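What follows is each chain in one-letter form.
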Amino acid sequence: MDNIGEVLKFLRRKEDFVSGDYISKKLDVSRTAVWKYINHLERYGYTINKSKGKGYMLLKTPDRLYPWEVDRYRNTAILGERIIHQENVDSTNIVAFKLALAGEPEGTCVIAESQNKGKGRLGRKWCSPVEKNIYLSVVARPQVHPSVVYPITFLSSLAVYDTIETLTGEKPTLKWPNDVLMHGRKVCGTLLELSTEADMVRFVIIGIGFNVNMAADELDDEIREKASSLAMETKKLYERALVCGMLLSNLEKYYLRFKQEGEREICRVWEERASIKGKYMAINQIGESYKGIAEGIDNDGAILLNIDGKIKKIIAGDVSF
Ligand code: BTN
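What counts, and at which threshold
- Per-chain numbering applies: the sequence of each chain, read as written, is numbered from 1 onward.
- With the structure being a predicted model, the display of local features is reserved for residues of pLDDT at least 70 and the display and counting of side-chain atom pairs for 80 or more, all residues being used for whole-chain, interface and lining totals.
- Hydrogens and waters are ignored; side-chain quantities use all the structure's heavy atoms.
- Residues are classed as near a molecule or strand on a simple rule: at least one heavy atom within 4 Å of it.
- Whenever a nitrogen or oxygen atom comes within 3.5 Å of another N or O atom, the pair is scored as a polar contact, on the condition that within protein one atom can donate a hydrogen and the other can accept it, and that pairs from neighbouring residues in sequence are kept only if both atoms are in side chains.
- For every accessible area listed, the method is Shrake-Rupley and the probe measures 1.4 Å; residues are considered covered only by the protein chains on display.
- Each helix corresponds to a stretch of at least 4 residues labelled H or I by DSSP, and each strand to a stretch of at least 2 residues labelled E; elements are numbered beginning at the N terminus.
- A pair of strands is labelled paired if DSSP reports no fewer than 2 bridges between them.
- Every angle, taken between N-to-C directions, lies between 0 and 180 degrees, and every axis is a line fitted to C-alpha atoms, over only the stretch in contact when it is a helix.
- Working definition: roughly parallel below 35 degrees, roughly antiparallel above 145 degrees, roughly perpendicular at 65 to 115 degrees, and oblique for all remaining angles.
- Helix crossings get a hand from a simple test, with the near helix turned counterclockwise from the far one by less than a right angle marking a left-handed crossing and a clockwise turn marking a right-handed one.
- Any two residues having at least one pair of non-hydrogen atoms within 4.5 Å are treated as being in contact.
- Think of it this way: a Phe, Tyr or Trp ring, Trp meaning its six-membered ring, pairs with another when their centres are within 6.5 Å, and the plane angle makes it stacked under 30 degrees, edge-to-face over 60, tilted otherwise.
- Per-residue accessibility, obtained with a 1.4 Å probe over protein chains only, is compared with the maximum for each type, and a residue is labelled buried under 20%, exposed over 50%, and partly exposed between these values.
- When a carboxyl oxygen of Asp or Glu is within 4 Å of a side-chain nitrogen of Lys or Arg, the pair counts as a salt bridge.

Student: Provide a residue-level description of the site of the ligand, including the pertinent values.
Tutor: In the vicinity of the ligand there are 20 residues, among which Ser 91, Gln 115, Lys 119, Arg 121 and Lys 186 approach most closely. The separation between an oxygen atom of the ligand and a polar main-chain atom of Lys 119 is 2.7 Å. In the environment of the ligand, an oxygen atom lies 2.6 Å from a nitrogen or oxygen atom belonging to the side chain of Lys 186. Summarising the interface, the protein chains cover 98% of the accessible area of the ligand, which totals 410 Å² for the free molecule. Going through the elements one at a time, helix H5 (92–101), strand S5 (134–140), strand S8 (185–196) and strand S9 (201–210) are the ones with two or more residues in the shell around the ligand.

Here it is in structure tokens:
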């Protein structure tokens, strides 16, 4: 199916018919092969006007996260070089984890149109309706010690922050450790899953759930008050392939920065963007709640909370302001 993206490029060049003969010559394939590609495109949901004398004209593109659609907007050399697109999976993190265990190289992305066992942090469920949002898991193989891997979780929220700012002109809010909020409601979360050896990281799965076009009535009851989507907050629908391509480009930008400048720099950037210092907050862990003033982010990504003059380092939990 390698040529599908190429065939589409010809169909998109002008809003007119393109002859099968022209495409076949340009791609150096037979007319029958072009005809087959056109049939595949139709099966993938593209609407194409076919005329015996004139050729083919693209009328409508489906809103799907096919690799060749994401590629149009992706400016990356590593992340997304291979995209595995699935209709429905249990969880893209589960699929990516299995692939990584079997040796999948760094950069491969698993993208699904829906998940039936979408996983959130702290054992929660991630609401994953069909063809509305982005459910993306990236295989990363950073050559770092397990102790410095946690700040990778900040890379995705920084990437989503930049993506939202470019798309909407609005600055979202970052909530520790990896939530992205618009107008106080969560639109994106990240679930980092690791495979490590004693002294090294084998791989990291960066699982991103970005609510793009979901409507209020598609939110599960238990998160209705707290969650939202880009569309709900801006009253506009977005082309998900564009959002996904931008997200991967921004993620790679921060991932390279993490590799070159280290985890401390990423923690500093996140801390600054989140303007966390001096904020009064409560951090809830299972069975425990700490209230205090945030002093900042430690070099390993933990939050430093000033509780009545004593600094407590907290690695995991949920923040409420
Ligand atoms: C959170 O609780 O904030 C983290 C949510 C992470 C959800 C994403 S959707 C894609 C990937 N696959 C999963 O099962 N979970 C992550």
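Student: Account for the pairing of strand S11 (residues 288–297), naming residues and giving values.
Tutor: With six bridges connecting them, strand S10 (residues 280–285) and S11 associate as antiparallel partners. Within S11, the residue paired with Met 281 across the bridge is Gly 292. Remark: two residues form the turn of the hairpin made by S10 and S11, two consecutive strands paired antiparallel; Gly 287 in that turn has positive phi of roughly 80 degrees. The loop that links S11 with its antiparallel partner strand S12 (residues 303–307) comprises five residues; one of these, Gly 301, has a positive phi angle of about 95 degrees.

Student: Which residues make up the packing of helix H6 (residues 152–168) against helix H9 (residues 263–274), and what values do they have?
Tutor: Contact geometry of H6 with H9 gives a least axis separation of 10 Å together with a crossing angle of 45 degrees. Our classification of the angle between H6 and H9 gives oblique. With respect to the hand of their crossing, H6 and H9 are arranged in left-handed fashion. In this structure, H6 contributes Phe 154, Leu 155, Ser 157, Leu 158, Tyr 161 and Asp 162 to the contact, and H9 contributes Ile 266, Cys 267, Val 269, Trp 270 and Arg 273.

Student: With reference to specific residues and values, describe the sheet that holds strand S13 (residues 310–314).
Tutor: Strands belonging to one sheet form pairs held by backbone hydrogen bonds; the direction of such a pair is parallel or antiparallel. Read across the sheet, five strands follow the order S13-S12-S11-S10-S14 without closing on themselves; strand pairing throughout is antiparallel. At either margin of the open sheet sits one strand with a lone partner, and together these are S13 and strand S14 (318–320). In this sheet, neighbouring strand axes are inclined to one another by 45 degrees on average, regardless of whether the strands run parallel or antiparallel. Relative to S14, S10 is paired through three bridges, and the arrangement is antiparallel. Paired with Ala 282 across the two strands is Ser 320, which belongs to S14.

Student: Explain the packing of aromatic side chains to me, using residue names and the numbers behind them.
Tutor: Counted under the stated rule, the structure contains eight aromatic pairs. The interplanar angle of 90 degrees and the centroid separation of 5.9 Å between the aromatic rings of Phe 10 and Tyr 22 together place this pair among those described as edge-to-face. With Phe 10 in helix H1 (residues 4–13) and Tyr 22 in helix H2 (residues 20–27), the pair connects residues that are 12 residues apart, well separated along the chain. Residue Phe 10 is classed as buried on the basis of its relative accessible area of 7%. Overall, the relative accessible area of 37% leaves Tyr 22 in the partly exposed class. Taking 6.4 Å as the distance between ring centres and 10 degrees as the angle between the ring planes, the aromatic pair formed by Tyr 255 and Phe 258 counts as stacked. You can see Tyr 255 and its partner Phe 258 sitting in helix H8 (residues 240–261), three residues apart, about one turn around the helix. An identical accessibility class is assigned to Tyr 255 and Phe 258; each is buried. An aromatic cluster is built from Tyr 44, Tyr 46, Tyr 66 and Trp 68, whose rings are joined through pairwise contacts.

Student: How would you summarise the pattern of salt bridges if you had to cite specific residues and measurements?
Tutor: Considering all chains together, one arrives at 32 salt bridges under this definition. In this structure, Lys 171 engages Glu 165 in a salt bridge whose closest nitrogen and oxygen atoms are separated by 2.6 Å. With relative accessibility at 59%, the residue Lys 171 sits in the exposed group. The partly exposed category is assigned to Glu 165, whose relative accessible area is 26%.

Student: Please set out the sheet that holds S9 residue by residue, giving values where relevant.
Tutor: Taken in spatial order, the seven strands of this open sheet run S3-S4-S5-S9-S8-S7-S6, and their pairing is mixed. Since the sheet does not close on itself, it has two edges, and those belong to strand S3 (83–89) and strand S6 (173–175), each with one partner. Going from strand to strand, the sheet's axes swing by 20 degrees on average, the running direction of each strand aside. Examined bridge by bridge, S5 and S9 share seven bridges and lie antiparallel to one another. Paired with Ile 134 across the two strands is Phe 210, which belongs to S9. The strands touched by H6 within the sheet are S6, strand S7 (179–182), S8 and S9, with S9 carrying the most contacts at an inclination of about 30 degrees.

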